[in-house]
Amino acid sequence: MDQQENLNQDAENTSNKAVSDFNGIAPFYICSLDSCSSLMNWGNGPTLGEMIKTETECIRMDTFIEENDIKEIQYISIDTQGSDLDVLNGFGDKFEIVK
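Residues numbered from 1 in each chain as written. Predicted model: local features only at pLDDT ≥ 70, side-chain atom pairs only at ≥ 80, totals over all residues. Heavy atoms only, no water.

A.B. asks: Please give an account of the sheet that holds strand 2 (residues 24-31) that cites residues and values.
C.D. replies: Ordered in space as 1-3-2, the 3 strands form an open sheet in which the pairing is mixed. Because the sheet does not close on itself, it has two edges, and the strands there are strand 1 (18-20) and strand 2. Across the sheet, the mean angle separating the axes of adjacent strands is 50° when strand polarity is ignored. Relative to strand 3 (residues 51-60), strand 2 runs antiparallel, the two being bridged by 8 bridges. Within the sheet, the bridge partner assigned to Phe28 lies in strand 3 and is Thr54. (Pairing = 2+ DSSP bridges. Helix = DSSP H or I, 4+ residues; strand = E, 2+ residues; numbered from the N terminus. Axes fitted to C-alpha atoms, helices over the stretch in contact; angles between N-to-C directions.)

A.B. asks: I'd like to hear about the nonpolar core, residue by residue, with values.
C.D. replies: Counting residues in each nonpolar core, the largest one holds 9 residues, listed as Ile59, Met61, Phe64, Ile65, Ile73, Val87, Phe91, Ile97 and Val98. Top element by residues in this core is helix 2 (residues 61-67). It accounts for 3 residues. Excluding anything up to four places from it in sequence, Ile97 contacts Ile65, Ile70, Lys71, Glu72 and Ile73. Ranked by size, the runner-up nonpolar core spans 5 residues in total, among them Tyr29, Cys36, Leu48 and Met51. (Core = buried A, V, L, I, M, F, W, Y, C linked by side-chain atoms within 4.5 Å. Buried < 20%, exposed > 50% of the residue type's maximum accessible area, 1.4 Å probe, protein only. Contact = heavy atoms within 4.5 Å.)

As structure tokens, then:
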């Protein structure tokens, strides 16, 4: 089994939520150019296109880890268009399970 097949096999849980440092509802800005949709409002402009505001449910990573009984995370990549520190803070004391 190659690495990609192994990752696909282990990736059992998907969630249609934004990850942040709080649990709740937040504004989410969808970029018409599909380049930088984010919890952050970058504003409209020629390089970003139109930002469309909607709402999304946010979840902390420590909450997600507990709800899904996750014991270890082997790899994590974060690219949240400006909210990376919020995601890291949302791990709370669960960051220790990232190997």
